[in-house]
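Chain and residue survey
If you want the building blocks of each chain, they are given just below.
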Amino acid sequence: MAKILMTRRIPKKGIAILSAEHELDIAGDKSLGYEELFEIIDQYDGVLSMLSDKFDEPMIKRAKRLKIISNYAVGYDNIDLKAAEANNIIVTNTPDVLTEATAELAFSLMLAAARRLIEGDKFVKSGKFEGWEPLLMLGKEVSGANLGIIGFGRIGQAVAKRAKGFSMKIFYSQRKRNEKAEVEYGAKFLPIDDLLAISDFVSINAPLNAESHHLLNKERLSRIKNGAIIINTGRGAIIDEKELANALISGKVAGAGLDVYEYEPKITKELLEMDNVVLLPHLGSSTVKTRDRMAEMAATAIVDCFKSKMPLHIVK
Ligand code: DGY
């Protein structure tokens, strides 16, 4: 029986799978701070971690007994993979099961920002609606518009699938071309600068790594199509958040729909004050169905690891 730490409570299914086989400590309903986690990590053989838990080199080196970090997320930029490998720790994630939920949220943000849903809701609830008006809250039409997808993996493609239903023209940018997906979604590969120059909507669906950090920096934001709307359900630090705020203030970028932030959970102050920006508390995978499946997958990875069975989704 191994000693496992779950750093936050996850859906029951995952707890049941782990506690049936191992001694399980659940840290609780609030995030453990870095120091708190650092203090206790050396007592555990396995950890079921959240994307907000930072496993940097010092944390990993201290975790002398650790065999597996099972990250309850598809993204794993919170984990130093090199340090994990050097210390013989397996890292797993929860891909596939959250693709549809995350793409659904990206599309919701796009519609909400384009058609001013949150502003409209506030307007009605504050008693300002006095009847139909010809010029009230004119938005940007999604149907038929150009959509640029940055990161055309599973989630980017699932966004494209939805965009097809809105007759959008789909462009994508990533390191390698994916000709099969191009045919499937009618998408066209473009270098990022060309994609930004023609996209009415830009959806970020890439993972965060050294290459994608501040991919949308001041210079790129200055070259984006006038009046574009940016959607980010990937990771906050792919955009220079301060520069995004500046581009929104100047009107170069017309709106944004954000689920992730550069210094999560802190958010650049100016963004909090703008009506043309829709902000969500990192809800990409947050449906009952998806979180249940993630719980099952993350817990099973740990059980498999201690049965000397290769977990399904090891990241390298
Ligand atoms: C993840 O799991 O990495 C995503 O942020 C989903 O919201």
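Below you will find a few notes about this structure.

Given two aromatic rings, their pairing is described by the distance between the two centres and the angle made by the two planes. Counting across every chain of the model gives five aromatic pairs. Measuring from ring centre to ring centre gives 6.2 Å for Phe 152 and Tyr 185, while their planes differ by 85°; the resulting arrangement is edge-to-face. Of the two residues, Phe 152 is situated in the loop between β6 (146–150) and α7 (154–165) and Tyr 185 in helix α8 (residues 179–185); the sequence distance between them amounts to 33 residues. The same class applies to Phe 152 and to Tyr 185, which are both buried. When the centroid spacing of 5.4 Å and the interplanar angle of 65° are considered together, the rings of Tyr 172 and Phe 189 count as edge-to-face. Taken as a pair, Tyr 172 in strand β7 (residues 169–173) and Phe 189 in strand β8 (residues 187–189) lie far apart in primary sequence, 17 residues in all. Owing to a relative accessible area of 0%, Tyr 172 belongs among the buried residues under this scheme. Aromatic ring contacts, followed pair by pair, group Phe 152, Tyr 172, Tyr 185 and Phe 189 into a single cluster.

With that settled, consider the pattern of salt bridges. Going through the model one piece at a time under the given rule, you end up with 22 salt bridges. Its salt-bridge partner being Arg 65, residue Asp 45 comes within 3.1 Å of it at the nearest N-O pair. With Asp 45 in the loop between α2 (34–40) and β3 (46–49) and Arg 65 in the loop between α3 (57–62) and β4 (68–71), this pair connects stretches of sequence that are 20 residues apart. A relative accessible area of 37% places Arg 65 in the partly exposed class.

Bringing the site of the ligand into the picture now. Around the ligand lies a shell formed by Leu 51, Ala 73, Val 74, Gly 75, Leu 98, Arg 235, His 282, Gly 284 and Ser 285. Between the ligand and Val 74, the relevant distance is 2.9 Å, taken from an oxygen atom to a main-chain nitrogen or oxygen of the residue. In the complex, 97% of the free accessible area of the ligand, which totals 240 Å², lies under the protein chains. Looking at side-chain class alone, the shell around the ligand contains four nonpolar, four polar and one charged residues.

Another aspect to go through is the sheet that holds strand β2 (residues 23–26). The five strands are arranged β2-β1-β3-β4-β5 in an open sheet whose pairing can be described as parallel. Edge strands, defined here as strands with exactly one partner in the open sheet, are β2 and β5 (90–92). Neighbour to neighbour, the strand axes of the sheet diverge by 15° on average, direction disregarded. Packed on one face of the sheet, helix α13 (residues 288–306) meets β1 (3–6), β3, β4 and β5 and runs near 165° to β4.

Turning to the packing of helix α5 (residues 99–114) against α7, a few remarks are in order. It is the contact of α5 with α7, at a shortest axis distance of 8 Å, that shows an interaxial angle of 55°. The pairing of α5 with α7 is recorded here as oblique in orientation. Relative to α7, α5 is oriented so that their crossing is right-handed. Only Arg 154, Ile 155, Ala 158, Val 159, Lys 161, Arg 162 and Ala 163 of α7 make contact with α5, whose side of the interface consists of Thr 99, Glu 100, Thr 102, Ala 103, Glu 104, Ala 106 and Phe 107.

What follows concerns the pairing of β6. Burial analysis of β6 places five of its five residues in the buried class, the great majority of the element. Alternating residues of β6 divide into Asn 146, Gly 148 and Ile 150 and Leu 147 and Ile 149, and every residue in both groups is buried. As judged from the five bridges shared by β6 and β7, these two strands associate in the parallel manner. Of the residues in β7, the one forming a bridge with Ile 149 is Tyr 172. Once the chain exits β6 it traverses α7 before rejoining the sheet at β7, and the crossover so formed is right-handed. Here β6 pairs with strand β9 (residues 201–204) via four bridges, running parallel. The partner of Gly 148 across the bridge, within β9, is Val 202.

Moving on to unusual backbone geometry. Of note, the bond from Glu 264 into Pro 265 is cis; its omega dihedral lies within 30 degrees of zero at 5°. On the secondary structure map, Pro 265 appears in the loop between β11 (253–258) and α12 (269–272). For Arg 116, which is not a glycine, the phi torsion comes out positive at approximately 55°. For Arg 116, the position within the fold is in the loop between α5 and α6 (117–125). For Arg 116, a relative accessible area of 27% puts it in the partly exposed group. A positive phi angle, near 45°, is found at Met 137, a position not held by glycine. Examined against the element boundaries, Met 137 turns out to sit in the loop between α6 and β6. A relative accessible area of 23% places Met 137 in the partly exposed class.

Reading guide: rules and limits
- Residues numbered from 1 in each chain as written.
- Predicted model: local features only at pLDDT ≥ 70, side-chain atom pairs only at ≥ 80, totals over all residues.
- Heavy atoms only, no water.
- Phe/Tyr/Trp six-rings, centres within 6.5 Å; stacked < 30°, edge-to-face > 60°.
- Helix = DSSP H or I, 4+ residues; strand = E, 2+ residues; numbered from the N terminus.
- Buried < 20%, exposed > 50% of the residue type's maximum accessible area, 1.4 Å probe, protein only.
- Salt bridge = Lys/Arg side-chain N within 4 Å of Asp/Glu carboxyl O.
- Near = heavy atom within 4 Å.
- Polar contact = N/O pair within 3.5 Å; in protein donor to acceptor, adjacent residues only side chain to side chain.
- Areas by Shrake-Rupley, 256 points an atom, 1.4 Å probe, with all protein chains shown as cover.
- Nonpolar A, V, L, I, M, F, W, Y, C, P; charged D, E, K, R; others polar.
- Pairing = 2+ DSSP bridges.
- Axes fitted to C-alpha atoms, helices over the stretch in contact; angles between N-to-C directions.
- Contact = heavy atoms within 4.5 Å.
- Parallel < 35°, antiparallel > 145°, perpendicular 65-115°, else oblique.
- Left-handed = near helix turned anticlockwise from the far one by under 90°.
- Right-handed = clockwise from strand over helix to strand, strands pointing away.

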